[in-house]
Amino acid sequence: MDIRTETPADFDAIRAVHTEAFAPSAAEAQLVDDLRADGALVTDLCLVATEGDAVIGHIAYSRAALDSGHEILVLAPMGVLVDHQRSGVGVQLIGQSMRKAALTDFPLVSVLGHPGYYPRFGFEPARPLGIEPPFDVPDEAWMARRLPRYTDEAKGTVRYADAFDAAV
């Protein structure tokens, strides 16, 4: 398996990954397309996992803002083809993308995800950091990971990219 930055040649395969991974919903696949069309994706952080020429996994990061004015990253979505789930693909995608995210000027990454999965990558409950979701979510699923540029001033309610409005 290889991990690399996505390219335009991967877009159809990325859509197929999210369509399969989140079936029967196509919302996540559409979200990636909409974020890309809006220019909200941080393309250097959007990675694919490949086996040979086949894309088997994808992770997307988009820009968001805190109402305090700080720009942050949102990890969403991450998908892996069903036959490759639970084989370390997601771990590799998150690990490599987090190393790249640590080199950016963004102070943190937020994620709405499984509380048993994301803490192993340094995610912690977001509300104690002063990071609030823009809608009602369970506390245990609302997480953030502080990056090297993090300061205590990065607080407030997250304003997602417009493409998330249709997905919520």
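For the structure itself, look to the data block above.
Just so it is clear, the structure is predicted and the values come from calculations on it, not from any experiment.

Rules used throughout
Residues numbered from 1 in each chain as written. Predicted model: local features only at pLDDT ≥ 70, side-chain atom pairs only at ≥ 80, totals over all residues. Heavy atoms only, no water. Phe/Tyr/Trp six-rings, centres within 6.5 Å; stacked < 30°, edge-to-face > 60°. Buried < 20%, exposed > 50% of the residue type's maximum accessible area, 1.4 Å probe, protein only. Lys NZ or Arg CZ within 6 Å of the ring centre and 35° of its normal. Helix = DSSP H or I, 4+ residues; strand = E, 2+ residues; numbered from the N terminus. Pairing = 2+ DSSP bridges. Right-handed = clockwise from strand over helix to strand, strands pointing away. Core = buried A, V, L, I, M, F, W, Y, C linked by side-chain atoms within 4.5 Å. Contact = heavy atoms within 4.5 Å. Salt bridge = Lys/Arg side-chain N within 4 Å of Asp/Glu carboxyl O.

The next point concerns the packing of aromatic side chains. For the coordinates displayed, the defined rule picks out five aromatic pairs. Centre to centre, the rings of Tyr118 and Phe123 are 5.7 Å apart; their planes meet at 85°, and the pair counts as edge-to-face. In terms of burial, Tyr118 and Phe123 fall into one category: buried. Of the aromatic side chains, those joined through ring pairs into one cluster are Tyr117, Tyr118, Phe121 and Phe123. Note that Arg36 overlies the ring of Phe11, its terminal NZ or CZ placed 3.6 Å from the centroid. For Arg146, the ring lying beneath its charged end belongs to Tyr150, and the centroid distance is 5.4 Å.

Here the focus is the pairing of strand S4 (residues 71–80). For S4, the buried fraction is high: nine of the ten residues fall into the buried class. Taken together, the eight bridges between strand S3 (residues 54–66) and S4 define a ladder with antiparallel strand orientation. If you follow Ala64 over to S4, its bridge partner there is Ile72. Hairpin connection from S3 to S4: four residues lie between these consecutive antiparallel strands, with Gly69 at a positive phi of about 100°. Strand direction decides the pairing type here: S4 and strand S5 (residues 108–112), joined by two bridges, are parallel. Residue pairing across strands places Val74 opposite Ser110, the latter belonging to S5. For the crossover from S4 across helix H3 (residues 89–101) to S5, the handedness is right-handed.

Ranked by size, the top nonpolar core spans 56 residues in total, and within it Leu73, Leu75 and Phe123 carry the most contacts. In contact with Phe123, other than residues within four places in its own chain, are Leu75, Met98, Val109, Val111, Tyr118, Met143, Ala144 and Arg145.

Relative to the elements of secondary structure, Thr7 occurs in the loop between strand S1 (2–5) and helix H1 (11–21). Residue Thr7 is classed as partly exposed on the basis of its relative accessible area, which comes to 31%.

With that settled, consider the pattern of salt bridges. Side chains that differ in sign of charge can pair as their charged atoms come close. Here the structure, examined in full by the defined rule, presents nine salt bridges. In this structure, the salt-bridge partner of Arg149 is Asp105, at a minimum N-O distance of 3.3 Å. Of this pair, Arg149 sits in the loop between strand S8 (142–146) and strand S9 (156–159) while Asp105 sits in the loop between H3 and S5, placing them 44 residues apart in sequence. A residue is classified by how much of its surface remains accessible, and Asp105, at 58% relative accessible area, is exposed. The residue Arg146 makes a salt bridge to Glu124 at a minimum N-O spacing of 2.9 Å. Of this pair, Arg146 sits in strand S8 while Glu124 sits in strand S6 (residues 124–125); the two residues are 22 residues apart in sequence, bridging distant segments of the chain.

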